[in-house]
Amino acid sequence: MSKPRIGIYGLTGCAGDQLNILNCEDELLKLFDIFEIKSFVMASSAADEESPLDVAFVEGSVSTEKDLEHLKEIRKKSRLLVAIGHCAVFGGVQSMFTGKKWEETYRAVYGKKDAVSLTRPLPPKPLSAYVKVDAVLPGCPIEKEPFLKLAGLLAKGVVPRHPDFPVCAECKWKENECLLLKGEICLGPLTNSGCGAICPSLNIPCIGCWGPIEKENWEAEAFLLKENGFSVEEVVKRFAIFGGEERAEKLKKFLEGKEG
Ligand code: SF4
Ligand code: SF4
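Please read all numbers here as calculations on a predicted model, not as lab measurements.

What the protein chain contains, in helices and strands, is 12 helices and seven strands. Taken over C-alpha atoms, the radius of gyration comes to 20 Å for the protein chain, in line with the 18 Å a tight globule of 260 residues would show. Projected onto the principal axes, the alpha-carbon positions of the protein chain cover approximately 65 × 50 × 25 Å. If you take every contact in the protein chain between residues at least 6 apart in sequence, the share linking residues at least 24 apart comes to 71%.

Shown next, in the form of structure tokens:
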């Protein structure tokens, strides 16, 4: 049986996800054994960009026209496309100030028109804003174990669905004492699971880095926190990780409405 052909690519991001794949060390040889790696520029410049792929792993957000062209090329030749890391899955830090203020922010950082024509920027977005994404692996950067688990399933032809239940479930399975009861702002109830509730297990509140669950009830948690004495500003600041300024504005109005 022929080995599944894979490619590992990076768009705009810090390349931390590709680096963590390289950091698999003990398992790396096994990965090379299971898959036929057609392209992994961080590991080898000998890339084959012509052959079709069974699976493409892509990290980074789409932040330039060049990123978009590259992504479309990858999508065209790949049976499955997997977004790895927060930038590819959610847009990452660079997508936090989009909308009306994006161009303003870009020019404030990079200045003149020349930079714009040179880099051909786009408002940073996740891969799914432009192409079909078959599976996701969040993380900033991705963790070794979930990546190896995902790669193992894909090698067997299984495309896993990302769980849609909150970090709280994993936290409860670990029998942790809830940090909300200890007076902390923990975003576990709103955050997609998969990380194994690493932070609350170490007594550190979840900041929501695996992204929001589909049916998050942010109003309920925001109201509870306010009832427990947290200021509107503090709650809004923490919740802004999901949906940036737009969400912050909505939440502020909601909490101030409750004040009245
Ligand atoms: S500590 Fe956080 S993640 Fe754990 S149960 Fe409480 S709110 Fe949920
Ligand atoms: S911040 Fe939350 S989602 Fe991110 S690793 Fe910690 S517990 Fe998991």
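Next comes the rest of the account.
Okay, the site of ligand 2 next. In the neighbourhood of ligand 2, the contacting residues comprise Val167, Thr191, Cys195, Ala197, Ile198, Cys199, Pro200, Cys206, Ile207, Cys209 and Trp210. Per-element accounting of the shell around ligand 2 gives the leading share, three residues, to helix 9 (residues 198-201).

Here we take up the pairing of strand 3 (residues 53-59). With six of seven residues buried, strand 3 is to be regarded as a mostly interior element. The pairing of strand 1 (residues 5-10) with strand 3 spans five bridges and is classified as parallel. Residue pairing for strand 3: Gly7 is matched across the bridge by Ala56.

The rules behind each value
- Residues numbered from 1 in each chain as written.
- Chains lettered and ligands numbered in written order.
- Predicted model: local features only at pLDDT ≥ 70, side-chain atom pairs only at ≥ 80, totals over all residues.
- Helix = DSSP H or I, 4+ residues; strand = E, 2+ residues; numbered from the N terminus.
- Rg over C-alpha atoms; globule rule 2.2 N^0.38 Å.
- Contact = placed C-beta atoms within 7 Å.
- Near = placed C-beta within 6 Å.
- Buried ≥ 20, exposed ≤ 12 C-beta atoms within 10 Å, placed from the backbone.
- Pairing = 2+ DSSP bridges.

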